[in-house]
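Residue-level structure breakdown
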Amino acid sequence: MATKIAGRWFFLYGFSKNERSNIDKDELRVLQEVARELLGFDDRQLAIALAAGEIVEICDGDDKA
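These remarks concern the structure in this document. (Residues numbered from 1 in each chain as written. Predicted model: local features only at pLDDT ≥ 70, side-chain atom pairs only at ≥ 80, totals over all residues. Heavy atoms only, no water.)

**Let's talk about helix α1 (residues 25-39)**
Given 3.6 residues per turn, any residue in an α-helix points the same way as the ones three and four places further on. Operational definition: By definition, any uninterrupted DSSP run of H or I lasting at least four residues is a helix, any uninterrupted run of E lasting at least two residues is a strand, and each is numbered from the N terminus. Between the first and last residue of a helix there are one fewer steps than residues, each counted as 1.5 Å, and that sum is the expected span. Classification of residues uses two cut-offs on accessible area relative to the type maximum, computed with a 1.4 Å probe and protein chains only: under 20% is buried, over 50% is exposed, and between them is partly exposed. Directions pointing from the helix axis toward each C-beta atom define the arc. Polar contacts, as used here, are pairs of N or O atoms within 3.5 Å; protein pairs need one atom able to donate a hydrogen and one able to accept it. Residues neighboring in sequence count only if both atoms are side-chain atoms.
For α1, built from 15 residues, the straight-helix expectation of 21 Å at 1.5 Å per residue is met to within 8% by its first-to-last C-alpha distance of 21 Å. Turning to α1, its buried residues number three or more, namely Leu31, Ala35 and Leu38. Each buried residue of α1 lies within a common arc of 65 degrees when the element is viewed along its axis, so the set occupies one face. The exposed set on the far side of α1, more than 90 degrees from its buried face, consists of Lys25, Asp26, Arg36 and Glu37. Of the residues that open α1, the one with a side-chain oxygen 3.1 Å from the backbone nitrogen of Asp26 is Asp24.

**A few points about the packing of aromatic side chains**
Using the following cut-off: Pairing of aromatic rings covers Phe, Tyr and Trp, the last counted by its six-membered ring, and requires centre-to-centre distances within 6.5 Å; plane angles under 30 degrees mean stacked, over 60 mean edge-to-face, and any other angle means tilted. For a lysine, the NZ atom is tested; for an arginine, the CZ atom; a charge sits over a ring if that atom is within 6 Å of the ring centre and within 35 degrees of the ring normal.
By the definition in use, this model includes 1 aromatic pair. Here Tyr13 and Phe15 contribute two aromatic rings whose centre-to-centre distance is 5.5 Å and whose plane-to-plane angle is 45 degrees, an arrangement assigned as tilted. Since its relative accessible area comes to 31%, Tyr13 is described here as partly exposed. The exposure class assigned to Phe15 is partly exposed, which follows from its relative accessible area of 25%. Above the face of the Phe15 ring, Arg20 is positioned so that its terminal group lies 5.3 Å from the ring centre.

**Digging into helix α2 (residues 43-51)**
Its side-chain oxygen at 3.1 Å from the backbone nitrogen of Arg44, Asp42 defines the N-terminal cap of α2. Residue Gly53 follows α2 closely and has a positive phi angle near 75 degrees.

**Concerning the nonpolar core**
Operational definition: Take the buried Ala, Val, Leu, Ile, Met, Phe, Trp, Tyr and Cys residues and link them wherever side-chain atoms come within 4.5 Å; each set so joined is a nonpolar core. Between two residues, a contact is recorded if the distance between any of their heavy atoms is within 4.5 Å.
Residues Phe10, Leu38, Phe41, Leu46 and Ala49 constitute the largest nonpolar core, which totals 5 residues. Beyond its immediate stretch of four places on either side in the chain, Leu38 contacts Phe10, Leu12 and Ile55.

**Comments concerning the pattern of salt bridges**
Selection criterion: What makes a salt bridge here is a side-chain nitrogen of Lys or Arg within 4 Å of a carboxyl oxygen of Asp or Glu, nothing more.
The full count for this structure, using the stated rule, is 2 salt bridges. The salt bridge partner of Arg20 is Glu27, with a shortest N-O separation of 2.6 Å. Taking the relative accessible area as the measure of exposure, Arg20 reaches 27% and is therefore partly exposed. Given a relative accessible area of 25%, Glu27 falls into the partly exposed group. Across the pair Glu33 and Arg29 runs a salt bridge, and its minimum N-O distance is 3.1 Å. Of this pair, Glu33 and Arg29 both sit in helix α1, 4 residues apart, which is roughly one turn of the helix. The exposure class of Glu33 is partly exposed, given its relative accessible area of 39%.

Just geometry here; none of it tells us what the structure is for.
As structure tokens, this is what we get:
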């Protein structure tokens, strides 16, 4: 599950389709809550979460992190 707002992508959970077909309703609800919280973070809050290791930044070759 991933979402993009204002040029930011948040990847929350991934799995191989050969491991399971989909997430259940409870998992979806929790992931949506986490996404709402992350999307509300300002730059300072994101920097704090990054520094604490609570989130990880992943960049491709075109990104300037």
